[in-house]
Amino acid sequence: MKPFVATLFVILVVCDVSLARTEKNENEKITYIVHVAKSIMPTSFKHHSIWYKSILKSVSNSTKMLYTYDNAINGFSTSLTIKELQLLKSQIGILKVTRDKQYKLLTTRTPEFLGLDKIASVFPTTNKSSDVVVGLLDTGVWPESKSFDDTGYGPIPRSWKGKCETGTNFATSNCNKKLIGARFYSKGIEAFTGSIDETIQPRSPRDDIGHGTHTASTAAGSPVSNANLFGYANGTARGMAAGARVAVYKVCWTVFCSISDILAAMDQAIADNVNVLSLSLGGRSIDYKEDNLAIGAFAAMEHGILVSCSAGNSGPNPLSVTNVAPWITTVGAGTLDRDFPAYVSLGNGKKYPGVSLSKGNSLPDTHVTFIYAGNASINDQGIGTCISGSLDPKKVSGKIVFCDGGGSSRTGKGNTVKSAGGLGMVLANVESDGEELRADAHILPATAVGFKDGEAIKKYIFSDPKPTGTILFQGTKLGVEPSPIVAKFSSRGPNSLTPQILKPDFIAPGVNILASYTRNTSPTGMDSDPRRVDFNIISGTSMSCPHVSGLAALIKSIHPNWSPAAIRSALMTTTYTTYKNNQKLLDGASNKPATPFDFGAGHVDPVSALNPGLVYDLTVDDYLSFLCALNYSSNEIEMVARRKYTCDPKKQYSVENLNYPSFAVVFEDEHGVEEIKHTRTLTNVGVEGTYKVSVKSDAPSIKISVEPEVLSFKKNEKKLYTISFSSAGSKPNSTQSFGSVEWSNGKTIVRSPIAFSWKL
């Protein structure tokens, strides 16, 4: 039983399954996260944990505390009845009580695709990069993977405070000088689902699902030669920061990840002294003061830890981007220049493009009978989606079956066809998926085609009295153009919480990514699949997130004193938004030019990010001013920032003035004349020089001015500028327009995207 992996394309969808638990039973206990005003702790208590226990004891003598949080938030988690909950809320010092929520989880080519091979000689595995620690909150780790080989590594950094926890099938010897930390958290998930069934998953840091091993090796895996999946994508696999150390925090299990467990892991990771935190998980966007993940990320940021999170897999729907807090680096997904073509060849001589990670060795050399699943269903039900048990073996045996998408997992459909005696499968996208193709490691010869091609193939099957066909597998193809393309599934802006903050921040490789995997499950996640692999190919923003986590670690190793905001700025202002032919990056959903609401600042370019020239830096005080601009009360700010802070009533706070490396300009009235000003501060992290500004815009009705237009910098000097956006009062042609502002010294370009929108 491991259905988890088969649904990786729909990861990152928050499941408020805790809300499904009724409160009819007064004795039923539900898990809550309790935020406490630590600033008013009575002096009689020597430690906040003692105070928390005292508060809880005043509510119930039987209720136990799941976790006490020391760093991520001020508070604790516990399970309470309705009566206990109401009593707890009345206690002095309780700021807010929120329900525990359950989240679902949302490479051999990417180093070359990103240009890391050009600078590989600068980053041997034993230089400063080996002092940087990347922490990953995921499904654990398969420590035997060669991606965690520690050959050539020196002593573990003295700054490291973490450890290797033991558990089922996991010993301290499973850690080494590369994999320096491994922990697991299950109290929250067990409070919801009951005790973990260790026949299904081990109570330890060991990864039985594969997702965590995949993300960890993508971020910071050691180089492994001849890595591949069934011969596909063969080459040397290495993480983005191949020399960095890895620490894993297992918070996700077969079904869910609990926010109480996630917070506990973030709390510990801060104490352990990780440098980067990678979270390929998240949920729907909710107010920052309600979002415990965002609150934990604020604490990490304050400790100098860059937090990288997936943007979500709910694209191409607008307003779908998640993890939008400005102190989180939000990563969308793009394609690589690599594909796995497998054509459908029909008896009428026509060929249609498809993709596959399965082999065609068992298919005959000649065409065979082709049949539509809807015409081969049991009891003539007309079901074409190949759901389990739906096909009649008498009609399917020895044939290639055409299956419609939807209704069950993609690889599960192949299992249905194989179980019924089919030789192969052609799987067509549903209309909403369009023409974007997904490669799967099917258990029989199979390929996936787009919706339009699928309709054409069905038309042939229906019109020819004896339809035939076969699948032509072409292996691995490199140099695919155009690339990158914004993945259709990648979640899009605008930012539904704070539209003045552009999200996602940028995109990184997230489609068909090869990385290490567990050997305790198959590449499809199906029990009926006996295959075991060392590497698997998976897609999703879960894959793009660790790319950026690793790149951040790489930058941190070269610039150890840079703040998380400076590192993100370096990655954002050096992105690219056009191909080599100067055409704009494409959107995989529409095949039209993508916009900053699709890709943020653009696609990451780590080579340029190492020397960005100028950065937009941010401090904790800047984020506190941002919360004041949102009109947060002092109690609400204390929840997020874990301290007493009162906004200055004499000061005019503005969301637009957060020193972010992008601009999202929201006009209130499409007809009125309106001026919006943004103030920014640039810090010189390069050589002394003079930068001149230039502005581009596709909104002729918007006048843009920058003051001053020239900035001269000494080393490490900061300079302020103001950019004004004035609407002419005429009705815009579109509710959205875009542009950019660039500062250049003749060699280095520091570019920020601009997104205009109108509230109609």
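The structure displayed is predicted, hence computed values, not measured ones. (Residues numbered from 1 in each chain as written. Predicted model: local features only at pLDDT ≥ 70, side-chain atom pairs only at ≥ 80, totals over all residues. Heavy atoms only, no water.)

**Q** Give a description of the overall build of the chain that names residues and reports values.
**A** A count of helical and extended segments in the chain gives 16 helices and 38 strands. The globule rule puts the C-alpha radius of gyration for 760 residues at 27 Å, and the 27 Å found for the chain is close to it. Dimensions of the chain, computed from the C-alpha atoms along their principal axes, are close to 80 × 65 × 55 Å. Every one of the 760 residues in the chain was classed for burial, and the buried ones make up 61%. Element-wise, carbon and sulfur atoms account for 48% of the exposed surface of the chain, whose accessible area totals about 28,700 Å². (Helix = DSSP H or I, 4+ residues; strand = E, 2+ residues; numbered from the N terminus. Rg over C-alpha atoms; globule rule 2.2 N^0.38 Å. Buried < 20%, exposed > 50% of the residue type's maximum accessible area, 1.4 Å probe, protein only. Areas by Shrake-Rupley, 256 points an atom, 1.4 Å probe, with all protein chains shown as cover.)

**Q** Summarise helix 9 (residues 410-419); cite the residues concerned and give the values.
**A** Counting buried residues in helix 9 gives seven out of 10 residues, a clear majority hidden from the surface. Where helix 9 is concerned, the buried positions are Arg410, Thr411, Gly412, Lys413, Gly414, Thr416 and Val417. Those residues of helix 9 hidden inside the fold are in contact with helix 8 (393-396), strand 20 (400-404), strand 21 (424-428) and strand 22 (446-449). Just beyond helix 9, the residue with positive phi is Gly421, at close to 95 degrees. (Contact = heavy atoms within 4.5 Å.)

**Q** Explain the state of the cysteines residue by residue, including any values.
**A** The full count for this structure, using the stated rule, is four disulfides. For Cys252, the disulfide goes to Cys257, at an S-S distance of 2.1 Å. On the S-S bond that ties Cys252 to Cys257, the torsion sits near 105 degrees, and the link is right-handed. Shown here for the chain is a disulfide pattern of 1-2, 3-4, 5-6, 7-8, where each number marks a bonded cysteine counted in sequence order. With no disulfide of its own, Cys309 lies 6.0 Å from the sulfur of Cys545, the closest cysteine sulfur. The class for Cys545 is buried, based on a relative accessible area of 0%. (Disulfide = S-S within 2.5 Å.)

**Q** Account for the pattern of salt bridges, with residues named and values stated.
**A** All chains considered together, the criterion is met by 21 salt bridges. Its salt-bridge partner being Arg183, residue Asp272 comes within 3.1 Å of it at the nearest N-O pair. Here the residue Asp272 occupies a position in helix 6 (residues 259-272), and Arg183 occupies one in strand 8 (residues 179-184), the gap between them amounting to 89 residues. The pair formed by Asp272 and Arg183 is uniform in burial state, with each residue classed as buried. For Glu198, the salt bridge identified is with Arg203, shortest N-O distance 3.8 Å. The class of Glu198 is partly exposed, set by a relative accessible area of 37%. Salt bridges sharing partners connect three or more residues here, namely Glu165, Arg183 and Asp272. (Salt bridge = Lys/Arg side-chain N within 4 Å of Asp/Glu carboxyl O.)

**Q** Explain the sheet that holds strand 17 (residues 342-346) to me, using residue names and the numbers behind them.
**A** The mixed open sheet is built from seven strands, whose spatial order is 18-17-23-19-20-21-22. Every interior strand has two partners, whereas the edge strands, strand 18 (351-352) and strand 22, have only one. As judged from the five bridges shared by strand 17 and strand 23 (residues 468-473), these two strands associate in the antiparallel manner. Its bridge partner lying in strand 23, Ala342 is registered against Phe473. Along the sheet face, helix 9 touches strand 20, strand 21 and strand 22 and points at about 145 degrees away from the line of strand 21. Contacting strand 17, strand 18, strand 19 (368-372), strand 20, strand 21, strand 22 and strand 23, helix 10 (residues 451-463) crosses the sheet at an angle of about 110 degrees to strand 19. (Pairing = 2+ DSSP bridges. Axes fitted to C-alpha atoms, helices over the stretch in contact; angles between N-to-C directions.)

**Q** Account for the packing of aromatic side chains, naming residues and giving values.
**A** All told, the structure shown has 20 aromatic pairs when counted by the stated rule. For the pair Tyr232 and Phe340, a centre-to-centre distance of 5.6 Å together with 85 degrees between the ring planes defines the contact as edge-to-face. Within this pair, whereas Tyr232 is found in strand 10 (residues 232-237), its partner Phe340 is found in the loop between strand 16 (338-339) and strand 17, the two being separated by 108 residues in sequence. Here Phe667 and Trp758 contribute two aromatic rings whose centre-to-centre distance is 5.5 Å and whose plane-to-plane angle is 25 degrees, an arrangement assigned as stacked. Within this pair, whereas Phe667 is found in strand 31 (residues 663-667), its partner Trp758 is found in strand 38 (residues 749-758), the two being separated by 91 residues in sequence. Here Phe667 and Trp758 have matching classes, each one buried. Ring pairs connect the aromatic residues Tyr288, Phe298, Trp327, Tyr623 and Phe626, which therefore count as one cluster. A cation sits over an aromatic face here: Lys351 above Tyr343, 4.9 Å from the ring centre. (Phe/Tyr/Trp six-rings, centres within 6.5 Å; stacked < 30°, edge-to-face > 60°. Lys NZ or Arg CZ within 6 Å of the ring centre and 35° of its normal.)

**Q** Can you explain the UniProt feature "active site" (unreviewed entry) in the chain? Please cite residues and give values.
**A** With numbering matched to this structure, UniProt assigns "active site" (unreviewed entry) to Asp138, His211 and Ser542. Annotated residues spanning 405 residues; largest pairwise C-alpha distance 9.9 Å, indicating a single compact cluster. Mapping His211 onto the fold places it in helix 5 (residues 211-220). One polar contact links His211 to Asp138, side chain to side chain, over a distance of 2.6 Å. (UniProt positions renumbered as here; feature names shortened; annotations may be inferred. Polar contact = N/O pair within 3.5 Å; in protein donor to acceptor, adjacent residues only side chain to side chain.)

**Q** Please provide a residue-by-residue account of the sheet that holds strand 2 (residues 30-36), values included.
**A** Judged by pairing direction, the sheet is antiparallel, and its four strands sit side by side in the order 3-4-2-5 without closing on themselves. Looking at which strands have only one partner, the edges of the open sheet turn out to be strand 3 (65-69) and strand 5 (94-99). Strand-to-strand twist across the sheet, computed as the mean angle between neighbouring axes with direction ignored, equals 20 degrees. As paired strands, strand 2 and strand 5 are joined by five bridges and run antiparallel to one another. Across the sheet, Val36 pairs through a bridge with Ile94, a residue of strand 5. Each of strand 2, strand 4 (75-80) and strand 5 touches helix 2 (residues 82-89); the most contacted strand, strand 4, lies at about 150 degrees to it.

**Q** Pulling in residues and values, what's your account of the domain arrangement of the chain?
**A** For the chain, the domain assignment lists domain 1 (30-99), domain 2 (112-337 + 485-607), domain 3 (341-474) and domain 4 (614-618 + 658-758). Computed over C-alpha atoms, the centres of domain 1 and domain 2 are 32 Å apart. With 15 residues of domain 1 at the contact, the number on the domain 2 side is 20 residues. Here domain 1 and domain 2 share an interface that buries about 1,300 Å² over both sides, 59% of which is from carbon and sulfur atoms. (Domains from an automatic or database assignment. Buried area = accessible area lost by both parts, 1.4 Å probe.)

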